[in-house]
Each structure stands twice: as structure tokens, then as C-alpha cells.
Amino acid sequence: MIYSTATVPVNPQGQTTLTREQVWKGLEAKARDARLFLPPGLCTRCDVTEESSSHFVRDATIGGQNVREIIVLEPARKVTFFQATGPREGAIVNELFEDDAGALQLRFYCYLGLRGKAPGGPEEQAEQVQFDSEEGYKAALLSTLERTRELVDEGLI
């Protein structure tokens, strides 16, 4: 199994301050359409195909892989992506919280396996290294916040 986590401050010194509401709107926008937040060409399709009071379903093509995710929103707090189909199974979480000093933080964590691959095998080990690298999910959190700031500046959030 792959377990990875990363946490970044929402408002580091020198950056435009974002409110919890603005970050939440960015996270919700990302959940509904990843194309707005991922590098150009990485996500070529992202459609909400079902919606209920408790969750919605997103069908996407990310990195050439078709995925279906069941997404649960806990308003202003957490987005959980359950991997229903695609190369991975498990859950990915983006959580917004205040640290002990009251500073807003954005945390990513996941618990995943690779469908059809040996648990703990070379493919999972490679994914673990990628997730934990500086180019992994920490970079994704930082780019999410950067894109959210752009959307705020553009008046879209």
C-alpha cells in the first residue's frame, strides 16, 4: 500500500492572503474540474456525471488513464476522492485546517493500492517515491494554492 502525506501553509509570508472560504472554493472547483488546476494537457477530460446530497461522481482522463472518482465534500474542511476505477484504488484527501498557532494549513494524504499490481511491489514502491518527492503531492498542494490565488485575482472566486 501507498501512504503519503504533505502539509503546506496556506498563507506563507510574501503571498497574497487567502481566506478559508477562498481556499475552499478553490478545492471545490478542483474537485469538479481538475483541468483548471493540473498542468496543461495532463487532464484531458473531467466531467461530473452524477450528483447527490452526499457526494458526486467525476469521470476524468488524467495522464492518459481513465478514472472514476466518488468525491465527498465536507464544506470548508475536507475533500475526499475515492478511486472507484482506474489504476489506483483507495482514497486521496485534501484537508484544510488551522495549526496550533491558528495559521491556515492545507494537507494532502492518501492511502492507495495499485490495481493488478503486487502489494509492496516495484510499481507501488515507485509510486511511493513519486508521491513523497518534492515534485509529488506537496508540489500539487502549492500549485493548487497558486491557481486559487489566480482565480481570486481574476474575480472568479
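Colleague: Help me understand unusual backbone geometry in this model?
Modeller: Across residues other than glycine, the phi torsion is negative in most instances, and most of the peptide bonds are trans. The phi torsion at Ala 76 lies on the positive side, around 65°, for a residue other than glycine. Looking at where Ala 76 falls in the secondary structure, it is placed in the loop between strand 4 (65-74) and strand 5 (78-85). Ala 76 sits in the partly exposed class, given a relative accessible area of 28%.

Colleague: How should I be thinking about the nonpolar core in this particular structure?
Modeller: Nonpolar side chains in soluble globular proteins tend to be buried together. Membership of the largest hydrophobic core comes to 25 residues, with the highest contact counts inside it found for Val 10, Val 23, Val 79, Leu 106 and Leu 145. Of all the secondary structure elements, the ones that give two or more residues to this core are strand 1 (2-9), helix 1 (20-32), strand 5, strand 6 (88-98), strand 7 (104-114) and helix 3 (137-153). Element by element, the count of residues in this core is highest for strand 7, at six residues. If we skip the residues at most four places from it in the chain, Leu 106 touches Ala 6, Thr 7, Val 8, Val 10, Leu 27, Glu 95, Leu 96, Leu 141 and Leu 145. One finds Ala 34, Cys 43, Cys 46 and Val 67 within the second-largest nonpolar core, a separate group that totals five residues.

Colleague: So what exactly am I meant to see when it comes to the pairing of strand 1 here?
Modeller: Put simply, side chains in a regular strand alternate between the two faces of the sheet. Only one face of strand 1 is buried: it carries Ile 2, Ser 4, Ala 6 and Val 8, and the other face, with Tyr 3, Thr 5, Thr 7 and Pro 9, is open. Bridge count for strand 1 against strand 7 is eight bridges, and the pairing is antiparallel. Looking across to strand 7, one finds that Ile 2 is bridged to Leu 112.

Colleague: Looking at this structure, I do not really get the pattern of salt bridges. What am I missing?
Modeller: When charged atoms on two side chains of opposite charge get close, those side chains can pair. Overall, the coordinates contain 14 salt bridges when judged by the stated rule. Linking Glu 74 and Arg 77 is a salt bridge whose minimum nitrogen-to-oxygen distance equals 2.4 Å. Residue classification places Glu 74 among the partly exposed residues on the basis of a relative accessible area of 30%. What makes Arg 77 partly exposed here is its relative accessible area of 36%. Note that Glu 95 and Arg 77 form a salt bridge whose closest N and O atoms lie 3.8 Å from each other. Of this pair, Glu 95 sits in strand 6 while Arg 77 sits in the loop between strand 4 and strand 5, and the two are 18 residues apart along the sequence. Take Glu 95: its relative accessible area is 9%, and that puts it in the buried class. A single network of salt bridges, built from pairs that share partners, joins Glu 74, Arg 77, Glu 95 and Arg 107.

Colleague: Where do I start with the packing of aromatic side chains in this structure?
Modeller: Note on aromatic pairs: each is described by the distance of the centres and the angle between the planes. Counted according to the given criterion, the structure contains zero aromatic pairs. For the cation-ring pair, Arg 32 lies above Phe 56, with the distance from its terminal atom to the ring centre recorded as 4.3 Å. Positioned above the aromatic ring of Phe 97, the side-chain terminus of Arg 107 is 4.2 Å from the ring centre.

Colleague: Which parts of the structure should I look at to understand the sheet that holds strand 7?
Modeller: Hydrogen bonds along the backbone pair up the strands of a sheet, which may run parallel or antiparallel. Spatially, 1-7-6-5-4-3-2 is the arrangement adopted by the seven strands of the open sheet, whose pairing is antiparallel. Looking along the sheet, the strands with just one partner apiece sit at the ends: strand 1 and strand 2 (43-51). Here the average twist between neighbouring strands, direction ignored, is 20°. Where strand 2 meets strand 3 (residues 56-62), seven bridges bridge the pair, whose relative direction is antiparallel. Counted as the bridge partner of Cys 46 is Ala 60 from strand 3. Each of strand 1, strand 6 and strand 7 is contacted by helix 2 (residues 122-132), which is oriented at about 5° to strand 1, the strand it contacts most. Strands in contact with helix 3 are strand 1, strand 6 and strand 7; relative to strand 1, the strand with the most contacts, it is inclined by about 40°.

Colleague: Any chance you could explain the environment of Asn 66 here in plain terms?
Modeller: Positionally, Asn 66 belongs in strand 4. Between the C-alpha atoms of Asn 66 and Gly 86, which are 20 residues apart in sequence, the distance is 5.8 Å. Discounting chain neighbours no more than four positions away, the residues touching Asn 66 are Arg 45, Ala 60, Thr 61, Thr 85, Gly 86 and Pro 87. Within the local environment of Asn 66, its side chain forms a polar contact with the side chain of Arg 45, the two groups lying 3.3 Å apart. A distance of 2.7 Å separates the side chain of Asn 66 from the side chain of Thr 61, its partner in a polar contact.

Calculation rules
Residues numbered from 1 in each chain as written. Predicted model: local features only at pLDDT ≥ 70, side-chain atom pairs only at ≥ 80, totals over all residues. Heavy atoms only, no water. Helix = DSSP H or I, 4+ residues; strand = E, 2+ residues; numbered from the N terminus. Buried < 20%, exposed > 50% of the residue type's maximum accessible area, 1.4 Å probe, protein only. Core = buried A, V, L, I, M, F, W, Y, C linked by side-chain atoms within 4.5 Å. Contact = heavy atoms within 4.5 Å. Pairing = 2+ DSSP bridges. Salt bridge = Lys/Arg side-chain N within 4 Å of Asp/Glu carboxyl O. Phe/Tyr/Trp six-rings, centres within 6.5 Å; stacked < 30°, edge-to-face > 60°. Lys NZ or Arg CZ within 6 Å of the ring centre and 35° of its normal. Axes fitted to C-alpha atoms, helices over the stretch in contact; angles between N-to-C directions. Polar contact = N/O pair within 3.5 Å; in protein donor to acceptor, adjacent residues only side chain to side chain.

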